[in-house]
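Here is how the chains run, residue by residue.
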Amino acid sequence: MWVNLFIMKSLFLSAVLLQFFETCWSQFPRPCANSEGLRTKECCPVWSGDGSPCGALSGRGFCADVSVSDEPNGPQYPHSGIDDRERWPLAFFNRTCRCAGNYGGFNCGECRFGYWGSNCAEYRESVRRNIMSMSTTEQQKFISYLNLAKNTINPDYVITTGTRAEMGENGESPMFSDINTYDLFVWIHYYVSRDTFLGGPGNVWRDIDFAHESAAFLPWHRVYLLHWEQEIRKIAGDFNFTIPYWDWRDAQSCEVCTDNLMGGRNALNPNLISPASVFSSWKVICTQQEEYNNQEALCNATAEGPLLRNPGNHDPNRVPRIPTTADVEFTISLPEYETGSMDRFANNSFRNVLEGFASPETGMAVQGQSTMHNALHVFMNGSMSSVQGSANDPIFLLHHAFIDSIFERWLRTHQPPRSIYPRTNAPIGHNDGYYMVPFLPLYRNGDYLLSNKALGYEYAYLLDPGQRFVQEFLTPYLQQAQQIWQWLLGAGILGALIATIVAAVIVFARRKRRRNQKRKRAPSFGERQPLLQSSSEEGSSSYQTTL
């Protein structure tokens, strides 16, 4: 009961909070990626519904100044004014759309997470399901959507291929590039975790990451998955789509590494994907970290080779096993979200244990080992094992969806107040009021320390037993039946025809039998049928009728 009360409380509070910040879906909106946008530092595109910036004439939103937090950061990053991600997004824009109510999108032309309809008034809860419980048809649909995203240029967003300084003081040399929808998210994950250029080949600051190794790890990836889910829905035209998860607890191998799912092992080269899988033809981007650092250049999304994966053939000293159910339960039991230095050295921090820098048996930070979230990345032993390029492997989606579900279990177990999220002295990019890099317009870290119910989605295994039965068993059955309804209809008609013929034969046979019985019972020279035989005959007839 208290879990339900927590969910209701979270929904109410989040509904109030989310009125004050907008929910847009990406990096650089195409209408703002030009000299004019860079010169004016304004990203307030027109909404086509009424022809006004941010849909202001329809009351959907308005163009507003960006106010960033000035709370002090931790000591991990001692520099200032040299990285475009500092005080995000002021290096590029200082005015963006601020959407009202349930409206969202870079021009307030869409709805915020969980809301639908022309006026964004309809709340809808989608369910993310275990990929292993999905029907073959659903699994194939998911894979086809990923491949569609890999081969479709995103119509709304572009990436930057240069720093703001390289584009000129007034934006006279804009450096933006088209990108397909899948690789857009690969690039976003690279950009948020890349090293800072300090000047000169290879001269970089490595101890910086705006989405990992501190408090924003879980909220950032939650928004990231929601954003990804939304983009796939749009290009596929399937607004019921949800990202599935892989429940890897106690697994002994990569259960999803089959040709029917995320790709099996290539028999000739164990580092490659089987040619029977569509993923064998995929090319990766943003994996050459050292090359970018030496050239002082950003990843420009050029293809860099095939997707690599060799699950299980990693260093066993670093990852002795895939995390277990006991590991997950211990992690959820930790009451403190963030502790101490609020980085990868934090002890007894739920976030640090779940991220994989601390032991899921003691809660203490460990060096030279990767646990929990990090363990799966290392276990895959390929493209997924490097932070900046890890999203190239589509297993990334399944893995992070399950990590997000563990985050949700922790929220429901401990019911934390917003105040537990660190407001100051976290590593740069991780304080409560810091806007998530590189999303535009803006999402604040602390705003997403809330139940997924407030964001319009749920996990199948967290549903109550009745709802879970419908999602895990009944729904796949009905969907399968929908695929073969023509055959079922034909079989039904044929079955009805056969049943009619059989029934007619039985009726005819019974009538004939009764006529014969009447002839036998007719008096012959005054004799009577024995009562025992008559009773037996009637009893036999009654049994047959019942049968």
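Within an unreviewed UniProt entry, the label attached to the chain reads Tyrosinase, and the organism entered is Oryzias latipes. Under the UniProt heading Sequence similarities (unreviewed entry), the note attached to the chain is "Belongs to the tyrosinase family."

**Quick word on the overall build of the chain**
Helix and strand counts for the chain come out as 13 helices and 16 strands. Burial statistics for the chain: of 547 residues in total, 51% are counted as buried. Within the chain, contacts between residues at least 6 apart in sequence are counted, and of these 70% link residues at least 24 apart.

**Notes on the packing of helix H9 (residues 372-380) against helix H10 (residues 395-414)**
Contact geometry of H9 with H10 gives a least axis separation of 10 Å together with a crossing angle of 165°. By the criterion of interaxial angle, the relationship of H9 to H10 is roughly antiparallel. The hand of the H9/H10 crossing is right-handed. Only Ile395, Phe396, His399, His400 and Ile403 of H10 make contact with H9, whose side of the interface consists of His373, Leu376, His377 and Met380.

**Points about unusual backbone geometry**
The omega torsion of the bond from Trp88 to Pro89 falls at 10°, within 30 degrees of zero and hence cis. Positionally, Pro89 belongs in the loop between strand E5 (61-65) and strand E6 (95-99). The peptide bond linking Val437 to Pro438 adopts the cis configuration, its omega dihedral lying at -5°. Following the sequence through the fold, Pro438 ends up in the loop between H10 and strand E16 (457-459). One non-glycine residue with positive phi stands out, namely Cys54, at about 60°. Within the secondary structure, Cys54 sits in the loop between strand E4 (52-53) and E5. The phi angle at Ala301 is positive, at roughly 70°, despite the residue not being glycine. Its location among the elements puts Ala301 in the loop between helix H6 (289-295) and helix H7 (325-333).

**A look at the sheet that holds E5**
Strand order in the open sheet made by the three strands is E2-E6-E5, with mixed pairing throughout. Edge positions in the sheet fall to strand E2 (42-43) and E5, since each of these pairs with one other strand and no more.

**Quick notes on the sheet that holds strand E12 (residues 157-160)**
A sheet is described by the order of its strands in space; here three strands give the open sequence E1-E12-E13, paired in antiparallel fashion. With partners counted over all chains shown, the strands left at the sheet margins are strand E1 (28-29) and strand E13 (176-177), one partner each. The pairing of E1 with E12 spans two bridges and is classified as antiparallel. Its bridge partner being in E12, Pro29 is matched across the sheet by Tyr157.

**Things to note about the packing of aromatic side chains**
In total, this model carries 39 aromatic pairs according to the counting rule given. Centre to centre, the rings of Trp187 and Tyr191 are 4.8 Å apart; their planes meet at 15°, and the pair counts as stacked. Of this pair, Trp187 and Tyr191 both sit in helix H4 (residues 181-193), four residues apart, roughly one helical turn. Residue Trp187 is classed as buried on the basis of its relative accessible area, which comes to 0%. With centroids separated by 5.8 Å and ring planes inclined at 70°, the aromatic side chains of Tyr245 and Tyr459 adopt a geometry described as edge-to-face. Linking Tyr245 in the loop between helix H5 (217-236) and H6 with Tyr459 in strand E16, this pair joins segments that are 214 residues apart in sequence.

**Observations regarding the state of the cysteines**
Under the definition given, this model contains seven disulfides. Note on cysteine connectivity: Cys54 is disulfide-linked to Cys97, with sulfurs 2.0 Å apart. Linking Cys54 and Cys97, the disulfide has an S-S dihedral of approximately -85° and is accordingly described as left-handed. Residue Cys54 is located in the loop between E4 and E5, and its partner Cys97 is located in strand E6; the two are separated by 43 residues in the primary sequence. Taken as a pair, Cys54 and Cys97 share a single burial class, namely buried. Covalent S-S linkage joins Cys286 and Cys299, the inter-sulfur distance amounting to 2.0 Å. Taking the sign of the S-S torsion, about -75° here, the bridge from Cys286 to Cys299 comes out left-handed.

**Concerning the side chain of Thr163**
Note that Thr163 resides in the loop between E12 and E13. Note on Thr163: relative accessible area 18%, which makes it buried. When near neighbours in sequence (up to four residues on either side) are disregarded, Thr163 contacts Asp84 and Leu298.

Definitions and limits used
Residues numbered from 1 in each chain as written. Predicted model: local features only at pLDDT ≥ 70, side-chain atom pairs only at ≥ 80, totals over all residues. Heavy atoms only, no water. UniProt positions renumbered as here; feature names shortened; annotations may be inferred. Helix = DSSP H or I, 4+ residues; strand = E, 2+ residues; numbered from the N terminus. Buried < 20%, exposed > 50% of the residue type's maximum accessible area, 1.4 Å probe, protein only. Contact = heavy atoms within 4.5 Å. Axes fitted to C-alpha atoms, helices over the stretch in contact; angles between N-to-C directions. Parallel < 35°, antiparallel > 145°, perpendicular 65-115°, else oblique. Left-handed = near helix turned anticlockwise from the far one by under 90°. Pairing = 2+ DSSP bridges. Phe/Tyr/Trp six-rings, centres within 6.5 Å; stacked < 30°, edge-to-face > 60°. Disulfide = S-S within 2.5 Å.

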